[in-house]
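Secondary and tertiary structure notes
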Amino acid sequence: MAKTCAFKAEIRQMLDLVIHSLYSKKEIFLRELISNASDAIDRAKYLSLTDKTIAPEAPVWGIRLTADAEAHTLTVEDNGLGMSAEEMEEALGTIAKSGSKAFAEALKEGKETNIPELIGKFGVGFYAAFMVADSVTVDSLRRGEGQKPVRWMSAGDGEYTMDDGSRTQPGTAITLHLRKDMERFAEGWELRDLVRRYSDFIAYPICLTEIGKKKDGESEGGKDKEEEKPLNTMTALWKRPKNEVKPEEYEAFYRQTLHGLGEPMRTLHIATEGTLEYRALLFIPKSAGMELMMPGNKHGLSLYVRNVFIGDEIEELVPAWMRFIKGVVDSSDLPLNVSREMLQDDAIIRKIRADLTNRVLKALAEMAKEKPEDYDAFTANLGDFVKEGFHSDWENREKLTELLRFRNLKDGKFTSLRAYKDAMAEGQKAIYMLTADTLQSAQQSPCLEQLKAKGYDVLFLISPVDQFIASELYEYDKTPIVFADKGDLKLEGEDAKKELEAAEKELKPLTEAFAKHLEKTVKEVRLSTRLTDSPCCLVQDPTALNPAMRRMMEAMGQEVPEEKRILELNPSHTLIKSLLAETDEAKRDDAIDLLYGQACLAEGTLPPDPAHFNRLVAGLMR
Ligand code: ADP
Ligand code: MG
């Protein structure tokens, strides 16, 4: 017997908003209905384990879409648990569900712009059907003994009707009478596309029947009815046990689904259990795709919740510096169909991100340890991301420090701080570094002469990212980090100190002459402990901006405050010694200009007056 009931006020309010929402992605209704169907099968399967009356016929579990393009109807049918009259009334008509209640409360706060997000958030997905349908019929037969079919109908206008149904097979069929401008949802091409996009990894086959298609002569053959092919592939790679997935399957997924290039460098297949349950399939690529180089480009992982696709490029799943990682995450702890907005401060997402980050860091550390040649290749192509991480990811700074690599002076190879420290010479008190534009100019810097003479290695910071992290490198494992062109090199012992003091006295007239002549260009002139072969070099205060960084910022059009350098003279160099004896002031000043110009060239900058410098060199040659 039919009975007509009014929806509870909150549901009416919600329906009104759903129907009139201007949200463009109406298509999400389909993944909601499919996901409900899949849930119903899950429940039936689960109950049938203990209750023999639930599924005595041992059915082939599945979901069927029936599209009638002429009648403009779409039916989503499953052979899952079904609903009794009471269950239906409770599930589709009252506010008993906690989700609806919370939804109604959110509505009272007046956030009507986010209806579809709210639908997902509060698990009231069924009502999304009213975004595309002007009436919805639910026909259901509950599994188990002594059940009768029931039918629910509503036009979303504040009332619903319940009546006896006519279904003979257990399960549920939900029929949508599509709105005028929503008729495409009864077209096969649209449904195929939507299933592949949103529901591909639903674990049960989703098949499609197109009514009236054959009449139009549009379908081919028509004989292959028995071997009907589901629209979804059903095979979520990450759901399968690790040891059953072949390397080529991972690769195919990496290339086809994630649009990766070539083979991945490493594959991480993650299945956690316990307090945080999720599965993930992550790939560390061999090189960065072009898209990573473009600022503002989207990145991130794909997210599934209980087999339902939520979205891709979910940036919240990995820290920004890890944007080179490709992959998918599947969580059963998240509410189905969470909105992107919610992800930002979701506690579960935060936990997953922390766990994923740890695992990637661990994989990189393992690679560095076990396959250093692989890690070198990784460093060459993607090492800048690790450095960006060192700069930005404070929580993981310690681990990231171990993953940093710099080319060294000794053999030009990538070197870790740990390896450098372990190989330090006896008596060496600091880790030496130098920033430069290129490996070549670093190798030839006069600032390294004493260090070379002592047999100390030096690490070079030559990529643009290096310039940003240089100021954050001041210590490693209790050993100070010293930049070869900055401040005190911590080289000399007591004897050397005395020697320097004596030389300072002796050369005082010359350093003063330098200081006077270069008054406008340099901040200070002093004697050096870093030189052996060169007569002089330019250095700077420990706090000053690196010359390479300065040039980079200037190239980017940024204004960089003027900062004078320090000129250091080599007290044991013959040129310096003989200049002390020069009495002709004009000649001495020319020599000072020449020496200063050379110091500039040695670090890759031009002499302050290149024409004047050229004339001086030409004069020398004559
Ligand atoms: P949720 O799926 O988050 O519970 P929905 O609004 O999507 O919220 O669905 C409401 C309820 O309706 C479900 O919890 C379920 O009890 C019932 N339901 C919906 N679709 C089906 C179906 N195909 N078979 C059985 N029950 C269903
Ligand atoms: Mg649902």
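Placed above this text is the structure.
On a predicted model such as this, the values are computed, not experimentally measured, just so you know. (Residues numbered from 1 in each chain as written. Chains lettered and ligands numbered in written order. Predicted model: local features only at pLDDT ≥ 70, side-chain atom pairs only at ≥ 80, totals over all residues. Heavy atoms only, no water.)

**Side note on the pattern of salt bridges**
Heads up, the rule is: Whenever Lys or Arg places a side-chain nitrogen within 4 Å of a carboxyl oxygen from Asp or Glu, that contact is recorded as a salt bridge. The helix and strand labels rest on DSSP assignments: H or I over at least four residues marks a helix, E over at least two residues marks a strand, and numbering proceeds from the N terminus. Accessible area is worked out with a 1.4 Å probe on protein chains only. A residue is then buried under 20% of its type maximum, exposed over 50%, and partly exposed in between.
If you walk through the whole model with that rule in mind, you get 26 salt bridges. One salt bridge in this structure joins Lys-239 and Asp-330, with 3.8 Å as the shortest N-O distance. With Lys-239 in the loop between strand E8 (206-211) and helix H7 (247-257) and Asp-330 in strand E13 (residues 326-331), this residue pair connects regions lying 91 residues apart in the sequence. Between Arg-418 and Asp-477 there is a salt bridge, with the nearest N and O atoms lying 2.8 Å from each other. Pair noted here: Arg-418 is in helix H13 (residues 417-422) and Asp-477 is in the loop between strand E18 (475-476) and strand E19 (479-483), with a separation of 59 residues, a long-range link. In this structure Asp-477 comes out as partly exposed when scored by relative accessible area, which is 35%.

**Some details on the packing of helix H18 (residues 508-517) against helix H21 (residues 585-602)**
Stated precisely, the cut-off is as follows: Axes here mean lines fitted to C-alpha atoms, for a helix over just the part in contact, with angles spanning 0 to 180 degrees between N-to-C directions. Put simply, angles under 35 degrees are roughly parallel, angles over 145 are roughly antiparallel, angles from 65 to 115 are roughly perpendicular, and the rest are oblique. Throughout, a contact is declared for two residues whenever any of their heavy atoms are within 4.5 Å. Under this grouping Gly is polar, as are all residues other than the nonpolar Ala, Val, Leu, Ile, Met, Phe, Trp, Tyr, Cys and Pro and the charged Asp, Glu, Lys and Arg.
Axis separation between H18 and H21 bottoms out at 10 Å; the angle between their running directions is 75 degrees. The angle between the axes of H18 and H21 places the two elements in the roughly perpendicular class. Two secondary-structure elements touch here, H18 through Leu-510, Ala-513, Phe-514 and His-517 and H21 through Arg-588, Asp-589, Ile-592, Asp-593 and Leu-595. Residues that form the contact of H18 with H21 fall into these classes: five nonpolar, one polar and three charged.

**Remarks on the sheet that holds E8**
Think of a sheet as strands paired side by side through backbone hydrogen bonds, with each pair either parallel or antiparallel. The line we're drawing: Pairing between strands is defined by DSSP: at least two bridges between them are needed.
With mixed pairing, the eight strands of this open sheet are ordered in space as E1-E6-E5-E4-E7-E3-E2-E8. Whereas interior strands pair on both sides, the edge strands pair on one side only; in this sheet they are strand E1 (3-6) and E8. Adjacent strand axes in the sheet meet at a mean angle of 15 degrees when their direction is disregarded. Relative to strand E3 (residues 73-78), strand E2 (residues 63-68) runs antiparallel, the two sharing six bridges.

**Some remarks on the sheet that holds E18**
Read from one edge of the open sheet, six strands run E15-E14-E17-E16-E19-E18, paired in mixed fashion. Looking at strand neighbours, the two that pair on one side only are strand E15 (414-415) and E18, the edges of this open sheet. The sheet contact formed by E18 and E19 spans two bridges and is antiparallel. Paired with Glu-475 across the bridge in E19 is Pro-480.

**Examining a nonpolar patch on the surface**
For the record, the criterion: In this analysis, a patch consists of residues with relative accessible area above 30% that form no salt bridge, clustered at 9 Å for like charges and at 5 Å for the nonpolar side chains Val, Leu, Ile, Met, Phe, Trp and Tyr. Accessible surface is estimated by sampling points in the Shrake-Rupley manner with a 1.4 Å probe; for residues, cover comes only from the protein chains shown.
A surface patch of nonpolar side chains, about 350 Å² in accessible area, is lined by Tyr-46, Leu-47 and Leu-49. Position of Leu-47 among the secondary structure elements: in helix H2 (residues 28-48). Residue classification places Leu-47 among the partly exposed residues on the basis of a relative accessible area of 30%.

**Here we look at the nonpolar core**
So the rule is basically this: Working definition of a nonpolar core: buried Ala, Val, Leu, Ile, Met, Phe, Trp, Tyr and Cys residues. They are joined through side-chain atoms within 4.5 Å.
With 75 residues, the main nonpolar core has Phe-378 and Tyr-432 as its most contacted residues. Per-element accounting of this core gives the leading share, nine residues, to helix H10 (residues 347-370). Once you skip the residues sitting within four places of it in the chain, Phe-378 turns out to touch Met-265, Ile-284, Phe-324, Leu-364, Met-367, Gly-383 and Val-386. Membership of the second largest hydrophobic core comes to 71 residues, among which are Met-83, Val-150, Tyr-198 and Leu-258.

**Topic: unusual backbone geometry**
Residues apart from glycine generally show negative phi values, whereas peptide bonds are mostly found in trans. At Ala-58, a position not held by glycine, the phi torsion is positive, near 45 degrees. Tracing the backbone through its elements, the reader meets Ala-58 in the loop between H2 and E2. Residue class for Ala-58 comes out exposed when judged on its relative accessible area of 62%. The phi torsion at His-72 lies on the positive side, around 60 degrees, for a residue other than glycine. As for its placement among the helices and strands, His-72 is situated in the loop between E2 and E3. Residue class for His-72 comes out partly exposed when judged on its relative accessible area of 28%.

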